[in-house]
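Analysis of the macromolecular model
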Amino acid sequence: MSVDTSVGTREKVRVFVTGSCDGLPELREALERHGELDIVGWSDGVRESSATLTGGHLQVILHGTRSSHLPHDELAAIREHTRAPVILLASGESSALLEEALEADVSDVLLLPQMTENVVFAIRKASHGGRRPQAGGGHGRRGRIITVFSPKGGTGKTVTATNLAATFAKYEKKRTLLLDLDLQFGDAAIMLGIEPEKTIYDLVVAPGELDSEKLAGYITKHTCGLDVLPAPLRPEDAELVTESKLARLLEVARESYDAIVVDTSPFFHGPMLATLDRTDELLLVCGLDVPTLKNVRLSLQTLELLAFPSNRIRVVLNRANTKVGMKPNEVEGALDVKVRFHVPSDGKVPLAVNRGTPLVISDDGAAFSRAIREMAKGLTPAEAAKTQKRRLFARS
């Protein structure tokens with residue numbers, strides 16, 4: 001697994017620093033040199049920085065405190081001027097501060113000293129949380145976003161995403177969008193056998209506000225009824241698919257589709273973080289090999305750091321019947337999580353990939369196809385609820 005450290009495709013996060021605590025001056029200097037951040041300014045007190053805090057341009061506030069308890073007055077003063085996420089910085093042991101912050105309007109608490117990268121990670125996480133739209137703001141449809149992720153190439157992530165999306169469209173009769181966010185090297189279009197005239201790059205650089213009608217003009221239709229928004233044709237074009245544009249795209253897609261299946265790159269980079277903020281179900285694809293297990297375990301730890309809800313994570317064991325000296329129950333033991341979906345190895349899959357036709361379409365009776373269709377049913381809220389009830393009755 002990799003956490004993408006390149007900054008070319010990232011927008012700088014605008015940060016303001018207030019307050020004081022041990023280690024804050026040194027941290028501020030380190031953050032000013034970091035390529036992912038724009039330190040707009042700083043001040044020892046909140047009152048004297050009111051003009052800078054006002055205006056809605058800030059994305060994160062770092063506030064240092066020497067108190068061992070939550071500085072309610074200082075936070076209230078910040079909230080008079082901005083709704084940007086606040087990260088509290090303190091020094092030493094502050095267990096009471098940590099407990100009180102859980103119930104307060106605070107995104108995170110960091111005890112200094114901290115590695116610079118840890119602070120940057122917390123800032124980016126807070127900035128994404130602050131961009132989430134208010135509940136109830138959409139109209140009409142409220143599609144579910146199902147993100148397919150694997151921290152290692154070759155696990156069958158794109159095959160899973162394309163076949164799952166095709167299943168939703170053809171068999172579940174859902175209005176479905178497949179969004180390829182492997183922005184530099186996406187293969188979803190190839191696996192579906194389509195040659196798109198337009199990609200996500202063309203959509204985000206087009207002038208004008210993005211809405212459902214505009215989105216409809218940039219998708220490519222598959223014969224099974226699936227709508228596809230492919231990755232850019234050139235790797236360098238990925239830089240223009242910024243996090244803010246992607247966030248808007250996902251919200252518009254929710255209003256237009258019942259299901260949005262997102263194929264991703266194997267990195268926790270800006271587009272992935274923006275997608276996670278809006279993900280209803282995260283399919284974490286794993287294989288029966290030690291390197292993949294190691295990376296999946298690291299991914300689960302990273303998702304925990306990102307405060308991604310564990311009840312939205314579904315581990316998918318691909319090629320689950322492969323004879324390689326490792327059993328599915330050993331995977332569960334190594335990851336300390338239950339495998340939700342088992343997808344068997346099927347020799348028909350590579351043939352279907354080379355022909356550019358999803359196996360669930362060309363051979364719906366194949367073992368792989370049956371497993372994907374069961375997965376699709378398990379990810380449909382009504383069917384999932386029925387399955388849960390059956391399990392409860394079976395236990396009683």
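1. A word on the sheet that holds strand E10 (residues 259-264)
Overall, mixed pairing links the eight strands, which are arranged E8-E9-E7-E10-E6-E11-E12-E13 in an open sheet. Of all the strands in the sheet, the pair left with one neighbour each is strand E8 (220-221) and strand E13 (339-343). Direction of pairing for strand E6 (residues 144-149) relative to E10: parallel, over a ladder of five bridges. Each bridged residue has a counterpart across the sheet, and for Thr 147 the counterpart in E10 is Val 262. Each of E6, strand E11 (281-286) and strand E12 (313-318) is contacted by helix H12 (residues 290-305), which is oriented at about 155 degrees to E11, the strand it contacts most. Sheet strands touched by helix H16 (residues 367-378): E11, E12 and E13. Its angle to E13, the strand with the most contacts, is close to 150 degrees.

2. Focus: the packing of helix H6 (residues 157-170) against H16
Remark: H6 packs on H16, axes separated minimally by 9 Å, with the N-to-C direction vectors making an angle of 65 degrees. By the criterion of interaxial angle, the relationship of H6 to H16 is roughly perpendicular. Judged by the sense of rotation from one axis to the other, the crossing of H6 with H16 is right-handed. Judged by residue contacts, Val 159, Thr 160, Asn 163, Leu 164, Thr 167 and Phe 168 of H6 engage Phe 368, Ile 372, Arg 373, Met 375 and Ala 376 from H16.

3. Looking at the pairing of strand E3 (residues 60-64)
Extensive coverage of E3 is indicated by the burial of five of its five residues. Residues Val 60, Leu 62 and Gly 64 of E3 are buried on one face, and the alternating residues Ile 61 and His 63, pointing to the opposite face, are buried as well. With five bridges connecting them, strand E1 (residues 13-19) and E3 associate as parallel partners. Within E3, the position partnered with Phe 16 by the bridge is Ile 61. Of the strand pairs in this sheet, E3 and strand E4 (residues 86-91) are connected by four bridges, and their pairing is parallel. What sits directly across from His 63, in E4, is Leu 88.

4. Focus: the environment of Lys 294
Mapping Lys 294 onto the fold places it in helix H12. Spatially, the C-alpha atoms of Lys 294 and Ala 334 are 8.7 Å apart, while their sequence positions differ by 40 residues. A polar contact of 2.8 Å, which involves the side chain of Lys 294, links it to the side chain of Asn 295.

5. Regarding the side chain of Asn 318
The topology assignment puts Asn 318 in strand E12. At a separation of 2.8 Å, a polar atom in the side chain of Asn 318 contacts the main-chain carbonyl oxygen of Thr 155.

6. Some words on the pairing of strand E2 (residues 37-43)
In this sheet, E2 lies alongside E1 in parallel orientation, the contact comprising six bridges. Paired with Arg 14 across the two strands is Asp 38, which belongs to E2. In this fold, the crossover linking E1 to E2 by way of helix H1 (residues 24-32) has right-handed handedness.

7. Observations regarding unusual backbone geometry
Leu 112 connects to Pro 113 through a cis peptide bond whose omega is 5 degrees. One can find Pro 113 in the loop between strand E5 (108-112) and helix H5 (116-130). For Ala 307, which is not glycine, the phi torsion reads 60 degrees and is therefore positive. Tracing the backbone shows Ala 307 in the loop between H12 and E12. Phi is positive for Asp 336, which is not a glycine, with a value near 60 degrees. With respect to the element layout, Asp 336 can be found in the loop between helix H13 (328-335) and E13.

The rules behind the values
- Residues numbered from 1 in each chain as written.
- Predicted model: local features only at pLDDT ≥ 70, side-chain atom pairs only at ≥ 80, totals over all residues.
- Heavy atoms only, no water.
- Pairing = 2+ DSSP bridges.
- Helix = DSSP H or I, 4+ residues; strand = E, 2+ residues; numbered from the N terminus.
- Contact = heavy atoms within 4.5 Å.
- Axes fitted to C-alpha atoms, helices over the stretch in contact; angles between N-to-C directions.
- Parallel < 35°, antiparallel > 145°, perpendicular 65-115°, else oblique.
- Left-handed = near helix turned anticlockwise from the far one by under 90°.
- Buried < 20%, exposed > 50% of the residue type's maximum accessible area, 1.4 Å probe, protein only.
- Polar contact = N/O pair within 3.5 Å; in protein donor to acceptor, adjacent residues only side chain to side chain.
- Right-handed = clockwise from strand over helix to strand, strands pointing away.

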